[in-house]
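# A structural walkthrough
The primary structure of each chain is shown beneath.
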Amino acid sequence: MKYISLLGSLRRRAWALSTMLVLATANTVASAQTNNLPHGTMTLQSAIKRTLANSPELHEFTFRQKAIEGDIKTASLKPALNVGAEVENFLGSGDVSGIKESEVTLTLSSIIEMGDKLNSRKAFSEAKSTVIEAQKRVRTLDVLAEVTRRYIDVLAQQALIDAQKEAEMLARYTYQAVAKRAEAGASPAYEQKRAEAALAKVRLDVIAAQRTKQALINSLAIMWGEQYPTFSEVDGDLFALQKSPSLSALFANLLDSPNLDVYTEESRLQASQVRLTQAANQADLSWTAGIRRINGIDETAFVAGVSMPLFARDRNLGEYEKQRAIQGQLAQQKESAKQALYHQLNMALMVRNNALLNVDALKDAIIPPLRQALEMVEQAYIEGRFSYLEWVSTRQELLDAKQALIQSAKQAHQRSVDIESLTGQPFASAFSTSLSSNAQ
């Protein structure tokens, strides 16, 4: 039992350490410099700390553990002692009328448990405690993943607002240029109206994006129970993206994932249940001892007795076979869960790698030439060589490319969070060896 307690203590310490390190996306999404943040700015680290401290989903496990502690105390109890009294041969007829021939017996009885049932019960309750700890680790990963996803949603929305404001600035410049040409008679009046409508549309997009951002901030703050957020911005660089680890490294990390550890602990719990059922195969010995007062001869005598049920092993055989079958079923469930997690990891990595490919292509091969094309079309319009439609369509292509860049970067971060939630390891850990080698 001391070994089990020590092992549980080591697991709890290891989990406390991993919780501090989990979701390393915080190191890439969030800015490294947080000391000089403007007032009203939230960091990912702060959001995670607040969520861990105030999430009712996680605090629920505290009460579940307390319930198990009560079960352990109950399981540790030995069979109770029973006191009994029995009166015979009284209030009858003839020679046994009244109480002159009565016999009064006072007894003390209990059960001697065979098969180490006491330790089996305690081990079963302690195994339930470790299952709850494993479930809490999985739930903690889910909660941390969710708060990080919501944080990334806000960060991506901030980048989208910046792009929308830049589009508003371009639309305003376009309107001014078109109005100037229309006043000079070089462009038709309807182009000025179209430019005016386009400017109003972009302004509307900015307002809608800002309202969406506030709603996303509200959703983030709800994670730690704050209905009226005290922050208006989140800190971080959406485009700070790490290289993806290899699939084989992720598969190796998966073997130590809390998502699989739950099945391991449930298998241990079921093994304890099987041992408890085995202990029940051995019949308990019931004993009785006491003293009897025989009034008819004015004497006192001691009484004692033992009893044991017959064929107890055969009566418990069905339950034992049932528990062994459940044990085998849990082993298959773990293998099935492992295959499902492998698939999810594979798909998450594929989507992330595609998103990284899109980010690189948009940043290096698509957006720069579109900027240059916009400058050339703008100059050509001013010189009267291109129409307003060509200018607007080129500007829209640039805006679409910027929005695609933001969405691709957001998707890359979101899939990083998924990978961390599946493996239970910081995203960087899968290739930390190479980073250490470079540092040396």
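These numbers come from a predicted model, not from an experiment. (Residues numbered from 1 in each chain as written. Predicted model: local features only at pLDDT ≥ 70, side-chain atom pairs only at ≥ 80, totals over all residues. Heavy atoms only, no water.)

## As for a nonpolar patch on the surface
Test applied: Patch criteria: residues need more than 30% relative accessible area and no salt bridge. Like-charged residues are merged within 9 Å; nonpolar side chains of Val, Leu, Ile, Met, Phe, Trp and Tyr are merged within 5 Å. Residue burial considers only the protein chains on display, and all accessible areas are found by Shrake-Rupley using a 1.4 Å probe. Just to be clear on terms, a salt bridge is a Lys or Arg side-chain nitrogen sitting within 4 Å of an Asp or Glu carboxyl oxygen. When a residue's accessible area, from a 1.4 Å probe over protein chains only, is under 20% of the maximum for its type it is buried; when over 50% it is exposed; and in between it is partly exposed.
Residues L81, V83 and L108 make up a contiguous nonpolar surface patch of roughly 310 Å² in combined accessible area. L108 sits in the partly exposed class, given a relative accessible area of 35%.

## Description of the confidence of the model for the protein chain
The condition that has to hold: Confidence of the predictor in every single residue is expressed as pLDDT, which spans 0 to 100. Should any heavy atoms of two residues lie within 4.5 Å, those residues are considered in contact.
On average, residues of the protein chain score 83 in pLDDT, and 85% of them are at 70 or above. Confidence drops under pLDDT 50 across residues 30-35; counting only partners more than four residues distant or on other chains, this segment forms 10 contacts.

## Quick word on the side chain of S109
Heads up, the rule is: Strands are runs of DSSP state E lasting at least 2 residues, helices are runs of H or I lasting at least 4, and numbering of each runs from the N terminus.
Locating S109 in the fold gives a position in strand β3 (residues 103-112). The exposure class of S109 is buried, given its relative accessible area of 18%. Once you skip the residues sitting within four places of it in the chain, S109 turns out to touch A80, L81, N82, W287 and T288.

## Points about the sheet that holds strand β2 (residues 82-88)
Sheet strands pair via backbone hydrogen bonds, and the direction of the pair is either parallel or antiparallel. This is how the line gets drawn: Only strands joined by at least two bridges in the DSSP assignment are considered to pair. Between the N-to-C directions of two axes lies an angle of 0 to 180 degrees, each axis being a line fitted to C-alpha atoms and, for a helix, fitted only over the stretch in contact.
The strand order across the open sheet built from four strands is β2-β3-β5-β6, with neighbouring strands paired in antiparallel fashion. In the strand order of this sheet, the two ends are held by β2 and β6 (299-307), each with one partner. Here the average twist between neighbouring strands, direction ignored, is 20 degrees. Examined bridge by bridge, strand β5 (residues 285-294) and β6 share nine bridges and lie antiparallel to one another. Considered in β6, the bridge of R293 is made with T300.

## What to know about the packing of aromatic side chains
Filter applied, for reference: Note on aromatic contacts: the rings of Phe and Tyr and the six-membered ring of Trp form a pair at centre separations within 6.5 Å, being stacked when their planes are under 30 degrees apart, edge-to-face when over 60 apart, and tilted otherwise.
Per the stated rule, a full pass over the model turns up four aromatic pairs. Aromatic side chains Y173 and W391 sit 6.3 Å apart centroid to centroid with 80 degrees between the ring planes, which places their arrangement in the edge-to-face category. Within this pair, whereas Y173 is found in helix α5 (residues 117-183), its partner W391 is found in helix α11 (residues 388-423), the two being separated by 218 residues in sequence. You can call W391 buried: its relative accessible area is 2%.

## Observations regarding the pattern of salt bridges
Throughout the structure, instances matching the rule amount to 20 salt bridges. With its nearest N and O atoms 3.4 Å apart, the salt bridge here joins D71 to K128. In this pair, D71 is assigned in helix α4 (residues 56-75) and K128 in helix α5, connecting sequence segments 57 residues apart. For D71, a relative accessible area of 33% corresponds to the partly exposed category. A relative accessible area of 23% means that K128 is categorised as partly exposed. Residue R150 pairs with E146 through a salt bridge whose shortest N-O separation is 2.8 Å. Placement of the pair is R150 and E146 together in helix α5, with a separation of four residues, close to one helical turn.

## Describing the packing of α4 against α5
Under the convention used in this document: Under this scheme an angle from 65 to 115 degrees is roughly perpendicular, one under 35 degrees roughly parallel, and one over 145 degrees roughly antiparallel; angles in between are oblique. By the convention adopted, Pro, Cys, Tyr, Trp, Phe, Met, Ile, Leu, Val and Ala count as nonpolar, Lys, Arg, Asp and Glu as charged, and the other residues, Gly among them, as polar.
Between α4 and α5, whose axes approach to 9 Å, the crossing angle comes to 175 degrees. Judged on the interaxial angle alone, α5 and α4 are roughly antiparallel. Taken together, the residues that form the contact of α4 with α5 break down as eight nonpolar, five polar and 10 charged.

## What about helix α3 (residues 44-54)?
How we decide: In this description, one arc is meant: the one made by directions from the helix axis to the C-beta atoms.
Taken together, the buried positions of α3 are L44, A47, I48 and T51. Within α3, the buried residues cover an arc of 100 degrees as seen down the axis, which keeps them to one side.

## A look at helix α6 (residues 189-222)
Put simply, the rule is: Expected span of a helix, by definition, is 1.5 Å for each gap between consecutive residues, and there is one gap fewer than residues.
Taking 1.5 Å of rise per residue, 34 residues should cover 50 Å, and α6 covers 50 Å from first to last C-alpha, within 8% of that figure. Taken residue by residue, α6 has E191, A195, A198, L199, V202, V206, A209, K213, I217, L220 and A221 as its buried positions. Contacts made by the buried residues of α6 are with α5, β4 (233-234), α10 (317-382) and α11.

## A short note on the packing of α5 against helix α8 (residues 258-280)
To keep it simple, the criterion reads: Handedness of a crossing follows from how the near helix is turned relative to the far one, being left-handed for an anticlockwise turn of less than a right angle and right-handed for a clockwise one.
For the pair α5 and α8, interaxial distance at closest approach is 8 Å and the crossing angle is 165 degrees. Looking at the two axes, α5 sits roughly antiparallel to α8. Note on packing geometry: the crossing formed by α5 with α8 is left-handed.

## A word on the nonpolar core
Quick reminder of the rule: In plain words, nonpolar cores are sets of buried Ala, Val, Leu, Ile, Met, Phe, Trp, Tyr and Cys residues tied together by side-chain atoms within 4.5 Å.
L220, W224, F231 and V234 are the most contacted members of the largest nonpolar core, which has 42 residues in total. Secondary structure elements with two or more residues in this core: α3, α5, α6, α10 and α11. Counting residues per element, this core draws most heavily on α5, at 12 residues. The contact partners of L220, leaving out residues within four places of it in the chain, are V147, R150, Y151, V154, F231 and V234. Ranked by size, the runner-up nonpolar core spans 10 residues in total, among them A337, L341, A348 and I419.

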